[in-house]
Amino acid sequence: MPYTDLSLKLCGKTNLPVLPSHIDLDLTNICNQDCFYCNSFNFRQKNLVQSTGKEYYKLIEQLYNWRKHTPYSAGTVRNINFTGGGEPTVHKDYHKIIEKAIDCNFLVSLITNGSKLHKLIDYLPQNKIKSIAWIGIDIDAGNKQTYEKIRRSLTKESLFDQVKDNIKRAVDKGYVCDVKALLMEENTSEKELYSLFNFAKDVQARKLHIRPIVDQFTNKLFHVSDELKMLISKISSELDVSYNLPQYRQQPRKYTKCHQMFLYPILAANGEISLCCEGRGQKRFVLGNWKKEDIRDLWFGHRHMEIYNAIDTTLCPPCKPNKVNNLIQDDINKVDNLERIIL
């Protein structure tokens, strides 16, 4: 369990700093779509930038050598997820940066709208494809009209057909591809859901990954009723398409501090190191700047602990790390749980 080292640290069972197990790496704040729900919109507008390939190569080398830099530590950086305040594949060197991470023995994942996925497909050698754990392609709708209503392509023509073709090519080449959708009013009618599942079937995706949208103005989750769950299950069975509908965001919080701040940072394209996976641009979460400072020198330092202790999670919207935060809090509340490491 990757969070065990952190549980030991937070329970006072070890003094060793814990290295992050996962890095979210933003390649650019530029995007070729304007999704109406984007929680990075304001951040992108103020920081419409991207870093150079050389800067990312240097950063990946630092991450690769973190154990050498901090030998008396626990854990190790295993995964790099390429994502973005914008669309990561807009970066002209994104395919080369991903290959650099693979060459440094990281397990890679990519979150993308799929519009420029062909560049990676045509570039990456076949023997390196296995080092990409999966590619998640955000589509939100299985038909062009609803797709554009939600995702609003900033191109002359809709990106829908190009995305669909790219996913098919990626699957044919051997990439593990999931198609992704946020559940909302616009795409949860029976017709729209059939369209989503049929899209996943047509491109031969591994599964359809769906979760309820969080309203950025009210911080409320879209309600997934029992009736909607039954409809989703029925369509999945009928079309023989696997799906994943995680429910952890709505689980009650047992914690008041966000423990995931020590598990994976977000390294933004403008250089900011954010300790909140959904708080790009919020200065209260910024640990430092990876372009100007070495993240390895900042990790578990004074500023890091200051941010951790200052944030009251009861004021946060429903978020992705809710499940693991609850698990770590269980360890803190009952230290006997940590006997799992020797049993």
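Keep in mind it's a predicted model, so treat the numbers as computed, not measured.

Criteria and thresholds
- Residues numbered from 1 in each chain as written.
- Predicted model: local features only at pLDDT ≥ 70, side-chain atom pairs only at ≥ 80, totals over all residues.
- Heavy atoms only, no water.
- Helix = DSSP H or I, 4+ residues; strand = E, 2+ residues; numbered from the N terminus.
- Rg over C-alpha atoms; globule rule 2.2 N^0.38 Å.
- Areas by Shrake-Rupley, 256 points an atom, 1.4 Å probe, with all protein chains shown as cover.
- Lys, Arg positive; Asp, Glu negative; His and termini not counted.
- Charge placed at Lys NZ, Arg CZ, Asp CG, Glu CD.
- Salt bridge = Lys/Arg side-chain N within 4 Å of Asp/Glu carboxyl O.
- Buried < 20%, exposed > 50% of the residue type's maximum accessible area, 1.4 Å probe, protein only.
- Polar contact = N/O pair within 3.5 Å; in protein donor to acceptor, adjacent residues only side chain to side chain.
- Contact = heavy atoms within 4.5 Å.
- Pairing = 2+ DSSP bridges.
- Core = buried A, V, L, I, M, F, W, Y, C linked by side-chain atoms within 4.5 Å.
- Axes fitted to C-alpha atoms, helices over the stretch in contact; angles between N-to-C directions.
- Parallel < 35°, antiparallel > 145°, perpendicular 65-115°, else oblique.
- Left-handed = near helix turned anticlockwise from the far one by under 90°.
- Nonpolar A, V, L, I, M, F, W, Y, C, P; charged D, E, K, R; others polar.
- Phe/Tyr/Trp six-rings, centres within 6.5 Å; stacked < 30°, edge-to-face > 60°.

(A) Quick look at the overall build of the protein chain. Check the secondary structure of the protein chain and you find 13 helices and 10 strands. A compact globule built from 343 residues would reach a C-alpha radius of gyration of about 20 Å, and the protein chain, at 20 Å, matches this within 12%. Projecting the C-alpha coordinates of the protein chain onto the three principal axes gives extents of approximately 55 × 45 × 40 Å. Per element, the accessible surface of the protein chain, about 15,900 Å² overall, is 50% carbon and sulfur. If the 49 positive side-chain charges of the protein chain are averaged to one point and the 40 negative ones to another, these points end up 4 Å apart.

(B) Region of the structure containing the pattern of salt bridges. Enumeration over the complete set of coordinates arrives at 18 salt bridges. The partner of Lys-164 in a salt bridge is Asp-202, with the nearest N and O atoms 3.3 Å apart. Here Lys-164, found in helix 8 (residues 160-173), pairs with Asp-202, found in helix 9 (residues 190-203); they are 38 residues apart in sequence, far enough to count as distant. Judged by relative accessible area, which is 44%, Asp-202 ranks as partly exposed. Note that Glu-278 and Arg-249 form a salt bridge whose closest N and O atoms lie 3.1 Å from each other. Pair noted here: Glu-278 is in the loop between strand 9 (272-274) and strand 10 (286-289) and Arg-249 is in the loop between strand 7 (243-244) and strand 8 (266-267), with a separation of 29 residues, a long-range link. According to the relative accessible area criterion, Glu-278 is partly exposed, its value standing at 25%. With a relative accessible area of 7%, Arg-249 lands in the buried category.

(C) The arrangement of the side chain of Thr-28 in detail. Tracing the backbone through its elements, the reader meets Thr-28 in the loop between strand 1 (22-26) and helix 2 (41-46). Separated by 3.0 Å, the side chain of Thr-28 and the backbone nitrogen of Ile-30 make a polar contact. In this structure the side chain of Thr-28 is engaged in a polar contact, spanning 3.0 Å, whose partner is the side chain of Gln-50. Residues contacting Thr-28, with those up to four places away along its chain left out, are Val-49, Gln-50, Tyr-56, Gly-84, Gly-85, Gly-86, Glu-87, Pro-88, Val-90, His-91 and Ala-269.

(D) Representation of the environment of Gly-53 in the model. Structurally, Gly-53 is set in helix 3 (residues 53-64). For Gly-53, a relative accessible area of 6% puts it in the buried group. Sequence separation between Gly-53 and Phe-36 is 17 residues; the distance between their C-alpha atoms is 30 Å. When neighbours within four sequence positions are excluded, Gly-53 is seen to be in contact with His-91, Asp-93 and Ile-97.

(E) Here's a closer look at the sheet that holds strand 7. Strand order across the open sheet formed by 10 strands is 7-6-5-4-3-2-1-8-9-10, with mixed pairing between neighbours. Edge positions in the open sheet fall to strand 7 and strand 10, since each of these has one partner strand only. Summarising the sheet, strand 3 (residues 107-112) and strand 4 (residues 132-138) pair through five bridges and their orientation is parallel. Across the sheet, Leu-110 pairs through a bridge with Ile-135, a residue of strand 4.

(F) Highlighting the nonpolar core. Phe-82, Leu-120 and Tyr-175 are the most contacted members of the largest nonpolar core, which totals 96 residues. When residues in this core are grouped by element, the largest group, seven residues, is from helix 9. Setting aside residues no more than four positions away along its own chain, Tyr-175 makes contact with Leu-120, Ile-121, Leu-124, Ile-129, Ile-132, Ile-135 and Ala-170.

(G) Local environment of the packing of helix 3 against helix 5 (residues 94-103). Viewed as axis vectors pointing N to C, helix 3 and helix 5 meet at an angle of 15 degrees, and their least axial separation amounts to 10 Å. With respect to each other, helix 3 and helix 5 are oriented roughly parallel. Between helix 3 and helix 5 lies a crossing whose hand is right-handed. Packed against helix 3, whose contacting residues are Gly-53, Tyr-56, Tyr-57, Ile-60 and Glu-61, the element helix 5 presents Lys-96, Ile-97, Lys-100 and Ala-101 at the interface. For the contact of helix 3 with helix 5, a count of residues per class yields five nonpolar, one polar and three charged.

(H) Representation of the packing of aromatic side chains within the structure. Enumeration over the complete set of coordinates arrives at eight aromatic pairs. Here the aromatic rings of Trp-66 and Trp-299 are separated by 5.9 Å at their centres, their planes lie at 80 degrees, and the arrangement is edge-to-face. Taken together, the positions of Trp-66 in helix 4 (residues 66-69) and Trp-299 in the loop between helix 11 (295-298) and helix 12 (302-310) put the pair 233 residues apart, joining distant regions of the chain. With a relative accessible area of 1%, Trp-66 lands in the buried category. What makes Trp-299 buried here is its relative accessible area of 7%. On the numbers, 4.4 Å between centres and 15 degrees between planes, the contact of Phe-262 with Phe-300 is stacked. Linking Phe-262 in the loop between strand 7 and strand 8 with Phe-300 in the loop between helix 11 and helix 12, this pair joins segments that are 38 residues apart in sequence. One aromatic cluster is present, built from ring pairs that chain together Tyr-147, Phe-160 and Phe-199.

(I) A look at the side chain of His-22. Secondary-structure assignment places His-22 in strand 1. At a separation of 2.8 Å, a polar atom in the side chain of His-22 contacts the side chain of Asp-24. Residues in contact with His-22, not counting those within four places in the same chain, are Asn-79, Asn-81, Leu-263, Tyr-264 and Pro-265.

Remember, this is a structural readout, not a statement about activity or role.
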